[in-house]
Structure formats: C-alpha cells, structure tokens
Amino acid sequence: GARLSALSQSEFYRGVRQLKVQEPRSRTQRMVEQAELAIEAMNGYRPHPSKLWLNLKQRKHGTLTQKWCAFNWKALNGAHKVGEFWKHTPVSDRYMPCTSCNAPVESLEHIIFECRMTNQELVWKLTKDLWNRTSATFPDLNLGIVLGISEIDIKREDGSTDRGLTRLFRILISETVYLIWLLRCEWRISREADPMRVHPASEVTARWNARIGRRMRMDWNLTNQAIHKTRALNKSLVQRTWNRLRLSETGITVNVSEGVLVGSGAAERLPGRNR
Ligand SMILES: [Zn+2]
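Overview of the structure. As the structure is a prediction and not an experimental result, all values here were calculated from the model.

Before going further, it helps to examine the packing of helix α7 (residues 120-131) against helix α10 (residues 201-222). A pair of packed helices can be characterised by two numbers: the angle between their axes and the separation between those axes. Where α7 contacts α10, the axes come no closer than 10 Å and their chain directions differ by 45°. Between α7 and α10, the angle falls in the class oblique. Viewed along their axes, α7 and α10 form a crossing whose handedness is right-handed. Of α10, the residues touching α7 (which contributes Leu122, Val123, Leu126, Thr127 and Leu130) are Ala201, Val204, Thr205, Trp208 and Ile212.

Time to look at unusual backbone geometry. For residues other than glycine, phi is negative in most cases, and the peptide bonds are mostly trans. Non-glycine residue Asn119 carries a positive phi angle of around 65°. By the element assignment, Asn119 lies in the loop between α6 (108-114) and α7. Look at Ala193: it is not a glycine, yet its phi comes out positive at around 55°. Inspection of the secondary structure puts Ala193 in the loop between α9 (163-190) and α10.

This brings us to α7. Here α7 is 12 residues long and its end C-alpha atoms lie 16 Å apart, about the 16 Å a rise of 1.5 Å per residue gives. Of the surrounding secondary structure, the elements contacted by the buried residues of α7 are α6, α9 and α10.

With respect to the helices and strands, Thr223 occurs in the loop between α10 and α11 (225-228). With a relative accessible area of 7%, Thr223 lands in the buried category. Within the structure, the side chain of Thr223 is placed 2.5 Å from the backbone oxygen of Trp220, a separation counted as a polar contact. Once residues within four sequence positions are removed from consideration, Thr223 is found in contact with Ala232, Leu233, Asn234, Lys235 and Val238.

Tracing the backbone through its elements, the reader meets Lys87 in the loop between α4 (66-76) and α5 (92-95). For the pair Lys87 and Val105, spaced 18 residues apart in the sequence, the C-alpha separation amounts to 9.1 Å. For Lys87, the residues in contact, after removing those within four places along its chain, are Ser92 and Met96.

What follows deals with the coordination of the zinc ion. Octahedral metal centres with six donors ideally show angles of 90 or 180 degrees, and tetrahedral centres with four donors ideally show 109.5 degrees. The coordination sphere of the zinc ion, as far as protein atoms go, consists of Cys98 (SG), Cys101 (SG), His110 (NE2) and Cys115 (SG), spread over 2.1 to 2.3 Å. Classification of the site at the zinc ion as tetrahedral follows from its four donor atoms and the range of 104 to 115° in their angles at the metal. Mapped onto the sequence, the donors of the zinc ion take the spacing C-x2-C-x8-H-x4-C. Of the two residues, Cys98 is situated in the loop between α5 and α6 and Cys115 in the loop between α6 and α7; the sequence distance between them amounts to 17 residues.

Calculation rules
Residues numbered from 1 in each chain as written. Predicted model: local features only at pLDDT ≥ 70, side-chain atom pairs only at ≥ 80, totals over all residues. Heavy atoms only, no water. Axes fitted to C-alpha atoms, helices over the stretch in contact; angles between N-to-C directions. Helix = DSSP H or I, 4+ residues; strand = E, 2+ residues; numbered from the N terminus. Parallel < 35°, antiparallel > 145°, perpendicular 65-115°, else oblique. Left-handed = near helix turned anticlockwise from the far one by under 90°. Contact = heavy atoms within 4.5 Å. Expected span 1.5 Å × (residues − 1). Buried < 20%, exposed > 50% of the residue type's maximum accessible area, 1.4 Å probe, protein only. Polar contact = N/O pair within 3.5 Å; in protein donor to acceptor, adjacent residues only side chain to side chain. Donors = N, O, S within 2.8 Å, 3.2 Å for Na, K, Ca; no water. Tetrahedral: all angles 85-135°; square planar, octahedral: opposite > 155°, others 65-115°.

Laid out in structure tokens, this is it:
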C-alpha cells in the first residue's frame, strides 16, 4: 500500500473518514456470512470466504453463466440497487419498499422468495417439480443458498458429494433466480411497478422452460472436444447432470434445435399439437 508520507493530507483524512463511516459489519460481510452459514449447513464445512469470489471468477465446469456470476458477485457485495441500497437517499420512499406487497424493504430475499409481483412462486414450483424427478429431496431454500450456490454441494446418504446432482442443482437455482430477477426488473422498470401488469403465467412458464432447455443444449454443445478442445466439458459429467431427471420415462424430450423442454406444461398447450 501507499506509505503515509506519499499521501497528501486531504487524501489521508478522506481515508480516515471512510474508516469511521464504515459500519461494524459491512453489507458485504453480512451477505458473505449468510452464504457461509448456508454452505456449512449443506456441506458440513465452512469454506474460506475467498473461495466464493474465486468460484465466481472461475466459473468451473461451465456450471454458472457469466451473467449469473456477475449477478451473484454484486449480490455478495450488497450492491444491487434494491431495498436498503436506497435507505439514505432522497428517493427512499419510492425505491426502498415493495409497495405492492406492503413490504417496507424490497430486499433480494423479498424479490426471490416473497414478492407477489415477480412470479417467484410459479417459477419455484416449476423448479421443484423438475427436481423431484431426480427422487432426491429438494433442499429448503434461503438467500444464503442462493448467494453461496457456487459452493453448495448435494450429498448422497453416505455423505459423499453427488457431482451430477450438485451441478444440476447449481444450474437450476442460478437459472431460476436469474429469471426471477429479470422479471422483477422488467416489472419494476419497464412496467412501472404496475400491479396490473405482472407477467402472465403462460409467458413465465415458457421463458423458464426455454432457459432450462437452452442450458441443457449448451451443455451438450460444450462437450464437443473438436470445437472446445481442452475447455470441453466432460461428457459423463454432463450425462450425470441431466440424466437424473429421467426425462425419457416421463415422455419429455429435449428439442435440441429450439432448446425447449417439449412435453412440459407450456409446450403441451401449444395449439394444433394433436392435429
Ligand atoms: Zn413485492
């Protein structure tokens, strides 16, 4: 760091002021702590906090998308412009609460797990229904799991890590939360937070299906060694990620060209299917 003599007096005092202003535990520390607690509960160990940042930088095994990692990084920093972010600003009355839900603070937790305007209930139901095909228990979710998803493991009964299910879980949670976030921002900004203009369920279902289908297709594309060389995904890992959904047994097939889960709700309602 800079030696004291190298700092001008004003720079020095600015630094001191910043130290004083900082709360005892910063927003970042609180967010990281939540993630750590969730990871400890699921994995049985507490990773070093730096592991969380590193995971998001590395995006190992193509599990988390770049967009997710940017979202997660910002969330761990408490830097999304929601809820408390607006607390000490002149526009806090307008931007801090979720007035449609009567929630005093529109926190990430509210958006992802409580809000009636983000379609989160529907999207979580789709996610659980899909996960239940693996016959593994769907964990009780909380914000910590979302924040720490890059490190969350799904364990077998003997305590070992199930790499396929772990990867599926990380993909499903990150894709689902990201869609909820998009729906929230679209509603809040483009639709001017009008409770009458919440996205229709059919659109949300179709978008969720498309996202998951796209991820599945991307995964298989990434196993192509001729194209992706050493960065290609391991075929057996991709197999173990998606095979647990036993899509063949349920008559669901992946329409690779369109990246849609054909046979799931939205697709069944397409007109003219049985003509
Ligand atoms: Zn709300």
